[in-house]
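Residue-level listing of the chains:
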Amino acid sequence: MATEDYAWKATPGQPLPADNHVHTEWSWDASTAVMEKACEEAIRLGLPAISFTDHADFTTWAFPGEKEDSSIVRVIDTHAHSGLFDTDGYWECLERCRARYPDLKILSGMELGEPHLFKDEIGALLERRTFDRLLGSLHSLIVDGQIHYAPFLFTADNAQELMRTYLTETLHMVESSDVFHVLAHIDYPMRAWPKDAKPFNANDYEEEYRAVLRALARSDRALEMNTQGPWPAAEVVRWWYEEGGSAVSFGSDSHEPETVGRNFAATAAMVEAHGFKPGKDPIDFWRR
């Protein structure tokens, strides 16, 4: 289900939440994005803050049908000094934007891919800088000892079973890595849900979802409302509240400036309807 499937109405005049998941030219998959343009869009929308959470990935995905020497890792440009993340270049760009847009709160961050599988590599990155927002993301699953990009594994025949596998691995990630502050896009496989598979229904995976949400709640971290689509499902937000979840983070997962803050008004209204409210400071997570 997508946000537009619900009749949530934004509270008139209520400020939009901060966008805590934005990619720029410092992400390997957002080469046409520009950090300055994203700042300008955030200001235009009236967002209180923006977090630049560029990718730090250590995987060696090779997409089906491509030659081994054209895998993602090998087409990254010179930004890929360490973990597909150029800390120095990113930080210089961030500081330029902070100086250029003093009225916008600009937070530093990274999206950590499979942090439970790459603890040493991520630890080395974090020794260099302290970041405001660290997202934990599961993009991959291990099959026969090799990491595969998860959406490309889904077929009409295995979609339901693989969704449960994905959530089980997400649980493992939450329980075995404490380095990240926010669990990003718990819905990730839905982006490539096979059209000829049984339609996705969050209720089919309630047990698995709740297990992840309970573990996340126990660790006192935030659940992301990723508005790229087809998230968010209201059922999962309700389960998050019921399992003791205390905080919600909003993220557009923007890879181009014009999608910063997308669908935030409707998503914020849905989240508010399930018991979460804006924090004392506009840049805070929303809390129960």
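Residues numbered from 1 in each chain as written. Predicted model: local features only at pLDDT ≥ 70, side-chain atom pairs only at ≥ 80, totals over all residues. Heavy atoms only, no water.

Chemist: So what exactly am I meant to see when it comes to the overall build of the protein here?
Modeler: Along the backbone of the protein there are 8 helices and 10 strands. Among the 288 residues that make up the protein, the fraction classed as buried is 55%. In the protein, of all internal contacts separated by at least 6 residues, the share reaching a separation of at least 24 is 76%. Per element, the accessible surface of the protein, about 12700 Å² overall, is 48% carbon and sulfur. (Helix = DSSP H or I, 4+ residues; strand = E, 2+ residues; numbered from the N terminus. Buried < 20%, exposed > 50% of the residue type's maximum accessible area, 1.4 Å probe, protein only. Contact = heavy atoms within 4.5 Å. Areas by Shrake-Rupley, 256 points an atom, 1.4 Å probe, with all protein chains shown as cover.)

Chemist: Please clarify how the nonpolar core should be interpreted in this entry.
Modeler: Counting residues in each nonpolar core, the largest one holds 74 residues, and the members touching the most others are Ile50, Phe52, Tyr90, Leu183 and Tyr209. Examining the composition of this core, we find that 8 residues originate from one element, helix H5 (residues 159-176), more than from any other. The next biggest cluster of nonpolar side chains, apart from the first, holds 6 residues, and it includes Leu135, Val182, Ala222 and Ala247. (Core = buried A, V, L, I, M, F, W, Y, C linked by side-chain atoms within 4.5 Å.)

Chemist: Looking at this structure, I do not really get helix H8 (residues 264-273). What am I missing?
Modeler: Burial analysis of H8 places 7 of its 10 residues in the buried class, which makes it a mostly covered element. Gly275 occupies a position one or two residues after H8 and carries a positive phi of about 105°.

Chemist: Explain the pattern of salt bridges here, please?
Modeler: Opposite charge on two side chains allows them to pair when their charged atoms are near. Scanning all chains against the criterion turns up 15 salt bridges. Ionic pairing is found between Glu95 and Arg98, a salt bridge with its closest N-O pair at 3.4 Å. With Glu95 and Arg98 both in helix H3 (residues 87-100), this residue pair falls 3 residues apart, about one helical turn. Residue Arg98 is classed as partly exposed on the basis of its relative accessible area, which comes to 26%. (Salt bridge = Lys/Arg side-chain N within 4 Å of Asp/Glu carboxyl O.)

Geometric descriptors of this kind do not, in isolation, establish any biological role.
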